[in-house]
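The residues making up each chain are set out below.
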Amino acid sequence: MKNILTLSQYTFREAMARKIFLTFFAVSSFVLILFVILFVSVSIEEMASMISVNGNEAFDFISKIVEVMKIAIIAPLFVGGLFLSIFSASSFIPNMLEKGSIDLLLSKPVSRAQIILGKFFGGFAIVLLNIAYLVVGLWLLIGVKFNVWDTSILLSIVMISFTFAVLYSLIILVGILTRSSILAMMLTYIIFFILSPVLLLRDKISILIDNVVVEYLLDGLYYIIPKTAELSNININIAQGLGIDEYQPIISSFLFMILTLALSITIFNKKDY
Amino acid sequence: MNSIEVNNLTKVYDSRFKKNAVTALKDFNLNVESGSIFGLLGPNGAGKTTLIKILLGITFPTKGSASILGEDISNYNVRKKIGYLPENHKFPNYLTGPEVLTYFSKLSGYENPNLNIRIDEMLALVKMDQWKKMKIKKYSKGMMQRLGLAQAMINDPELIFLDEPTDGVDPIGRKEIRDILVDVKNQGKTIFLNSHLLSEVELITDRVAILNKGIMLREGDVKELTISKELFKITIKGEPDEDNIKSALQDFLISKLEKNIVYVKLDSSDEIDKVIDSLRKNNFSILSVENQKNTLEDMFISLINETEKKI
């Protein structure tokens, strides 16, 4: 446990040393500042009272604005946050596997499983922190401005971080197999931006193509590949306080993460460096 | 007691095509005595680094077994008592020297309530204490090597593996590193050294092994290995006439003749008595007879050349 903690801590430091995470932090801060300016310059309470003298209608108006804002923030945050996170985390494993670096690490009294888990938790922690910084900041701003302290938006921190963890497990596996950060990044982006959204529409595609083999192939891929498109929808729903309709995407993505990590550890355990 | 024991170790690097498989080590056996400095020598690709990597769990053996400090190499906990400086090592370049030492001491499971004092001591030992605040990405090759040595010793290990420790270090720095290694040995620690600089190895090692193409060619005491049984240096009293010496030793091969010193090359060391008899018969007074030493480098080159011819 101590070794995992040390490795996580130094993966976190490695991430901090990279400009991309500072950029992520700077972008988050910039977004927060934009909202501060917006909220200071536009008086929503005044607008609401002008529209209706009825207090309830004003309240409805405010909560509607808050809901729209949540969707406007959370959906791009999911895509943008994960895009930046994947980009910055894709080189953790290939960097570690460089000659002269991996030799030193493996010569220490640390198991190979601990090394993988240390890298995993370290990368996860930095993304969690960055996402939490932005989401908590927005929650505070909305709360102060509209006096709406709905904590459901905070669940986005969990969903975005979870989605990152699932994709990060794949980055780790590809990194171990190929030592290529570009390949790890590309494959993850393909799943995130293309495969998962396409597979979500597999029923419609099957009707269009009308081929049993394609249907089975799409179904097979759907159940194997992490369901990031559905996780994005779940994220929006929970941020709006609508709860979770279906747990299958979460469970199957979680299983994907566990299996991918287990496979990474198994392969790493057998490799010569 | 042995710090390292290697039994019939074989390592074959598989290829997708069997004919491209490379045998890096073949039935390799080795014992390294505790408290000594052991040098592993061999040309590039001899299997030296592979052996260290197997011993440290970085690479897995195809066949055979090995133990370090009495524990099987598969037990990674034994590495708590080991230090390692790999060739062309890479440390996290966003750290400073003390931070690198903190990181690796933590990973080594080294527990010392006075770790900062230990770090300061190690940095002072390798003369890097004045660069404590500098990020290591600004370090020169020599500075990295010094820090690497400190890293290998930070956890107060019983056994230290050093792969080309003086690579990129200036001559004064090399001397300092040699002195450190001798000092560490005097503390009862074992040092396993991989180096191409044979003159350096000769200066500090107790025993050496010579390896080529994964096969052990020779192992032994440095003095034993470098002694040349066939070449003798004979010092004659006074200022003898060179022609007279040549005449007295006409049945023998004179390698070199310098005033009163004659170098004689013999087929066997047993013949030295006949040389002395011959000189004495011609009324030469002998001041000394010395068995000449080769340098480790001479011996290494001739041994490698011999095996290359055989293969």
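Asker: I tried to follow the interface of chain A and chain B on my own but got confused; where do I start?
Answerer: Think of interface size as the accessible area that goes away when the parts come together; that is how it is often given. If you look at the interface, chain A gives 29 residues, while chain B gives 30 residues. Between chain A and chain B the total buried area reaches about 2,600 Å² when both faces are included, carbon and sulfur atoms providing 55% of it. Scanning the region where chain A abuts chain B turns up 5 salt bridges. The residue B:E99 makes a salt bridge to A:R13 at a minimum N-O spacing of 3.4 Å. For the pair chain A and chain B, the number of links is 15 residue pairs in polar contact (both at pLDDT 80 or more). When residues of the side of chain A that touches chain B are traced back to their parent elements, those giving at least two are α1 (2-17), α6 (102-106), α7 (112-146) and α13 (248-270) of chain A. In terms of residues, the side of chain A that touches chain B owes the most to one element, α1(A), which gives 9 residues.

Asker: Where do I start with the side chain of A:E230 in this structure?
Answerer: Summarising the element assignment, A:E230 is placed in helix α12 (residues 228-239). Once residues lying within four places of it in the same chain are set aside, the contact partners of A:E230 are A:L200, A:Y222, A:Q248 and A:P249.

Asker: How should I be thinking about α7(A) in this particular structure?
Answerer: An α-helix turns once every 3.6 residues. As a result, residues three or four positions apart point the same way. Along its 35 residues, α7(A) runs 50 Å from first to last C-alpha, staying within 8% of the 51 Å computed at 1.5 Å per residue. Trailing α7(A) by a residue or two, A:N147 shows a phi angle of about 55°, which is positive.

Asker: What is the right way to read a positive patch on the surface from this model?
Answerer: Together, A:K19, B:K135, B:K137 and B:K138 make up a positively charged patch on the protein surface. Of note, A:K19 is situated in helix α2 (residues 19-41). For A:K19, a relative accessible area of 63% translates into the label exposed.

Asker: I tried to follow the sheet that holds strand β9 (residues 207-212) of chain B on my own but got confused; where do I start?
Answerer: All names here are of chain B. Strand order in the open sheet made by the 6 strands is β6-β7-β8-β3-β9-β10, with mixed pairing throughout. The outermost strands of the open sheet, each flanked by one partner alone, are β6 (82-85) and β10 (215-221). On average, each strand axis in the sheet is tilted by 15° relative to the strand beside it, whichever way the strands run. Strand direction decides the pairing type here: strand β3 (residues 37-41) and β9, joined by 4 bridges, are parallel. By the bridge assignment, G39 is partnered in β9 with V208. Sitting on the sheet, helix α1 (residues 48-55) touches β3, β6, β7 (159-163), β8 (190-194) and β9, and the angle it makes with β8 is about 145°. On top of the sheet, helix α4 (residues 141-153) reaches β6 and β7; it is set at about 165° to β6, its chief contact.

Asker: What is the right way to read the nonpolar core from this model?
Answerer: Generally speaking, nonpolar side chains in soluble globular proteins are found buried as a group. Among the nonpolar cores identified, the biggest contains 156 residues, and A:F268, B:L51, B:F161 and B:F192 are the most heavily contacted of them. Looking at which element gives the most residues to this core, the answer is helix α8 (residues 155-178) of chain A, with 14 residues. Excluding its chain neighbours within four sequence positions, the residues that come into contact with B:L51 are B:V6, B:L9, B:L25, B:F28, B:L30, B:L40 and B:F192. B:I245, B:I272, B:V275 and B:F284 belong to the second largest nonpolar core, which has 15 residues in total.

Asker: Can you walk me through the sheet that holds strand β5 (residues 71-72) of chain B in this structure?
Answerer: Hydrogen bonds between backbone groups are what pair the strands of a sheet, and the pairing can be parallel or antiparallel. All names here are of chain B. One open sheet holds the 4 strands; their spatial order is β2-β1-β4-β5, and the pairing between them is antiparallel. Every other strand in the sheet has two partners, leaving β2 (22-33) and β5 as the edge strands with one partner each. For strand β1 (residues 2-13) and β2, the ladder comprises 8 bridges, and the chain directions are antiparallel. Each residue of the ladder has a partner; that of Y13, found in β2, is V22. Relative to β1, α1 is tilted by about 115°, and along the sheet it contacts β1, β2 and β4 (63-68).

Asker: How do you make sense of a nonpolar patch on the surface when you look at a structure like this?
Answerer: Residue and element names in this part refer to chain A. Residues V79, F83, I182, M186, I190, F193, I194 and V198 make up a contiguous nonpolar surface patch of roughly 670 Å² in combined accessible area. Among the elements that take part in the nonpolar patch, helix α9 (residues 181-200) stands out by supplying 6 residues, more than any other. Of note, M186 is situated in helix α9.

Asker: What is the right way to look at unusual backbone geometry in this model?
Answerer: With glycine set apart, most residues show a phi of negative sign, and most peptide bonds adopt trans. Unlike most non-glycine residues, A:D210 shows phi in positive territory, near 55°. Of note, A:D210 is situated in the loop between α10 (202-209) and α11 (212-224). According to the relative accessible area criterion, A:D210 is exposed, its value standing at 66%. Unlike most non-glycine residues, B:K127 shows phi in positive territory, near 60°. Positionally, B:K127 belongs in the loop between α3 (115-125) and α4.

Asker: Help me out: how do you make sense of the packing of aromatic side chains in this one?
Answerer: How two aromatic rings sit relative to each other is set out by the distance from centre to centre and by the angle between their planes. Summed over all chains, the structure comprises 21 aromatic pairs over all chains. Consider the rings of A:F92 and A:Y168, whose centres lie 6.3 Å apart with planes at 75°: the pair is edge-to-face. You can see A:F92 sitting in helix α5 (residues 92-96) and its partner A:Y168 sitting in helix α8, a full 76 residues away along the chain. Since its relative accessible area comes to 0%, A:F92 is described here as buried. A ring pair is formed by B:F161 and B:F192, whose centres lie 5.4 Å apart and whose planes are at 45°; its orientation type is tilted. Taken together, the positions of B:F161 in strand β7 and B:F192 in strand β8 put the pair 31 residues apart, joining distant regions of the chain. We classify B:F192 as buried; its relative accessible area is 0%. A connected cluster of aromatic rings, assembled from ring pairs, spans A:F92, A:F120, A:F121, A:F124, A:F164 and A:Y168.

Asker: Would you mind going over helix α2 (residues 97-107) of chain B with me for this structure?
Answerer: Of all 11 residues that make up α2(B), 9 are buried, and the element is covered over most of its length. Those residues of α2(B) that sit buried are B:G97, B:P98, B:V100, B:L101, B:T102, B:Y103, B:F104, B:S105 and B:L107. Looking at the packing, one finds that the buried side of α2(B) touches α1 and α6 of chain A together with α3 and α4 of chain B. One or two positions beyond α2(B), positive phi appears at B:G109, with a value near 70°.

Thresholds applied
Residues numbered from 1 in each chain as written. Chains lettered and ligands numbered in written order. Predicted model: local features only at pLDDT ≥ 70, side-chain atom pairs only at ≥ 80, totals over all residues. Heavy atoms only, no water. Contact = heavy atoms within 4.5 Å. Buried area = accessible area lost by both parts, 1.4 Å probe. Salt bridge = Lys/Arg side-chain N within 4 Å of Asp/Glu carboxyl O. Polar contact = N/O pair within 3.5 Å; in protein donor to acceptor, adjacent residues only side chain to side chain. Helix = DSSP H or I, 4+ residues; strand = E, 2+ residues; numbered from the N terminus. Expected span 1.5 Å × (residues − 1). Patch = residues over 30% accessible without salt bridge, like charges linked within 9 Å, V, L, I, M, F, W, Y side chains within 5 Å. Areas by Shrake-Rupley, 256 points an atom, 1.4 Å probe, with all protein chains shown as cover. Lys, Arg positive; Asp, Glu negative; His and termini not counted. Charge placed at Lys NZ, Arg CZ, Asp CG, Glu CD. Buried < 20%, exposed > 50% of the residue type's maximum accessible area, 1.4 Å probe, protein only. Pairing = 2+ DSSP bridges. Axes fitted to C-alpha atoms, helices over the stretch in contact; angles between N-to-C directions. Core = buried A, V, L, I, M, F, W, Y, C linked by side-chain atoms within 4.5 Å. Phe/Tyr/Trp six-rings, centres within 6.5 Å; stacked < 30°, edge-to-face > 60°.

Geometry only, nothing functional implied.
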